[in-house]
Amino acid sequence: MKQSKTKNDIKEDKTARYIRLGVNIDHTATLRNARGGFEPDPLQAAFVCRDAGCDQITVHLREDRRHITDRDLEILTRAGAFPINLEMAAVDEIIKIAVKNKPYMATLVPERRAERTTEGGLDAHASRKTLKTQIKKLKDAGILVSLFIEAEKKQIEASLETGADAIEIHTGRYAECFNRNDFAAELARIEKASEFAHCEGLLVNAGHGLNYFNVRNICAVKHIQELNIGHSIISRSVFYGLHEAVASMKSIMLEFK
Ligand code: PXP
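Only a predicted model underlies this, so the values are computations on that prediction, with no experimental measurement involved.

Attention shifts here to the sheet that holds strand β8 (residues 224-229). Strand order in the closed barrel formed by eight strands is β1-β2-β3-β4-β5-β6-β7-β8, and the pairing between neighbours is parallel. Within this sheet the neighbouring strands show an average axis-to-axis angle of 25°, counted without direction.

In terms of nonpolar packing, the biggest core is built from 71 residues, with L147, L227 and I233 touching the most fellow members. In terms of residues, this core owes the most to one element, helix α12 (residues 242-253), which gives six residues. Among residues more than four places away in sequence, those in contact with I233 are L21, V23, Y212, L242, A245, V246 and M249.

This next bit is on the pattern of salt bridges. Counted under the stated rule, the structure contains 19 salt bridges. Note that K137 and D92 form a salt bridge whose closest N and O atoms lie 3.8 Å from each other. With K137 in helix α6 (residues 128-140) and D92 in helix α5 (residues 92-101), this residue pair connects regions lying 45 residues apart in the sequence. One salt bridge in this structure joins E150 and R189, with 3.7 Å as the shortest N-O distance. Taken together, the residues E150 in the loop between β5 (144-149) and α7 (153-162) and R189 in helix α9 (residues 184-199) connect sequence positions 39 residues apart. Looking at R189, the relative accessible area reads 21%, which means it is partly exposed. Each of E150, E152, R173, E186 and R189 takes part in one network of salt bridges that share partners.

Now for the packing of aromatic side chains. Enumeration according to the criterion identifies four aromatic pairs in this entry. Between F47 and F82, the ring centres sit 5.2 Å apart and the planes meet at 70°, which makes this aromatic pair edge-to-face. Taken together, the residues F47 in helix α3 (residues 42-51) and F82 in the loop between α4 (70-79) and β3 (84-88) connect sequence positions 35 residues apart. You can call F82 buried: its relative accessible area is 3%. Seen in terms of ring centroids, Y174 and F178 are 6.0 Å apart; in terms of plane orientation they differ by 55°. Their pairing is tilted. Linking Y174 with F178, this pair stays in helix α8 (residues 172-179), spanning four residues, or about one helical turn. On the accessibility criterion, Y174 (0% relative accessible area) is buried.

The side chains of a regular strand alternate between the sheet's two faces. Of all six residues in β8, six are buried; the element is thus mostly enclosed. Of the pairings in the sheet, the one linking strand β1 (residues 20-24) to β8 comprises four bridges and is parallel in character. Pairing of G22 across the sheet is with N228, part of β8. Here four bridges tie strand β7 (residues 203-207) to β8, and the two strands are oriented parallel to one another. Bridge assignment links G207 to a residue of β8, and that residue is N228.

With that settled, consider unusual backbone geometry. Negative phi characterises most residues that are not glycine, and trans characterises most peptide bonds. Residue E39 is joined to P40 through a cis peptide bond whose omega torsion reads -10°. Its place among the elements puts P40 in the loop between α2 (26-35) and α3. Backbone geometry at K102 places phi at a positive 50°, although glycine is not the residue there. Of note, K102 is situated in the loop between α5 and β4 (105-108). We classify K102 as partly exposed; its relative accessible area is 35%.

Where burial is concerned, most of strand β6 (residues 166-170) is hidden: five out of the five residues are buried. Every second residue of β6 is oriented toward a common face, with A166, E168 and H170 on one face and I167 and I169 on the other, all of them buried. As paired elements, β5 and β6 share four bridges and run parallel to each other. Among the inter-strand pairings, F148 is bridged to a residue of β6, identified as E168. In this view, the connection linking β5 to its parallel neighbour β6 by way of α7 has right-handed handedness. Where β6 meets β7, five bridges bridge the pair, whose relative direction is parallel. Paired with H170 across the bridge in β7 is G207.

Criteria and cut-off values
- Residues numbered from 1 in each chain as written.
- Predicted model: local features only at pLDDT ≥ 70, side-chain atom pairs only at ≥ 80, totals over all residues.
- Heavy atoms only, no water.
- Pairing = 2+ DSSP bridges.
- Helix = DSSP H or I, 4+ residues; strand = E, 2+ residues; numbered from the N terminus.
- Axes fitted to C-alpha atoms, helices over the stretch in contact; angles between N-to-C directions.
- Core = buried A, V, L, I, M, F, W, Y, C linked by side-chain atoms within 4.5 Å.
- Buried < 20%, exposed > 50% of the residue type's maximum accessible area, 1.4 Å probe, protein only.
- Contact = heavy atoms within 4.5 Å.
- Salt bridge = Lys/Arg side-chain N within 4 Å of Asp/Glu carboxyl O.
- Phe/Tyr/Trp six-rings, centres within 6.5 Å; stacked < 30°, edge-to-face > 60°.
- Right-handed = clockwise from strand over helix to strand, strands pointing away.

Any functional reading would require information that these geometric values do not contain.
In structure tokens:
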């Protein structure tokens, strides 16, 4: 399967009648690396997710390679069996790897070595000049580019300036507020940002901290066309299996749009 996108493919995404699900399979590699060796195999995980109805496989090639490795990325993109969304820092080393492997999409994220997971969105406004150059390299290679940002007008405007095709709204704060049952303001912020980004011509994705309890409110947000979900799906798979965990999430998402 060709990973790179054409303008028409992008248009098709904009009119999709269901919300796409990207399953982040990093934790299968975390488990494998805990013991060394080959099990569980992220490629096998990707096939199970696909067969259970997910629309793309999301992996984060971290600068410290704590889970997904260069070889995993190569195998996953070469398999050609599913679109790959590569989460990555906007640094030269990883950009070169992305350009070589040509995933379907690159989602640029901030990366701090000591963090347990991606904390906070990318400051697209502060780094818009460098981002513009880095994004051009990815787009020239035919890769769709998304920026993982907070739901803020300033960050959306900066994303437009960089030439990105899409944004992924960071839903981490919403997820925290949901646990305290005090999420209305945060959800409203996401709705407003989604509306603005869509009207400005950006594809709108969302992710981080989403689970089987809090995902419905995000699915109901107009214009969100894709969710990337990892931790909750992999956690559920420990008890019920990966196929069931993905299929359950997908069936919730299919209640919408
Ligand atoms: N989207 C982005 C950009 C991420 O960095 C992550 C975490 O790797 C996710 C989505 C998935 O977050 P979670 O594991 O909390 O579902």
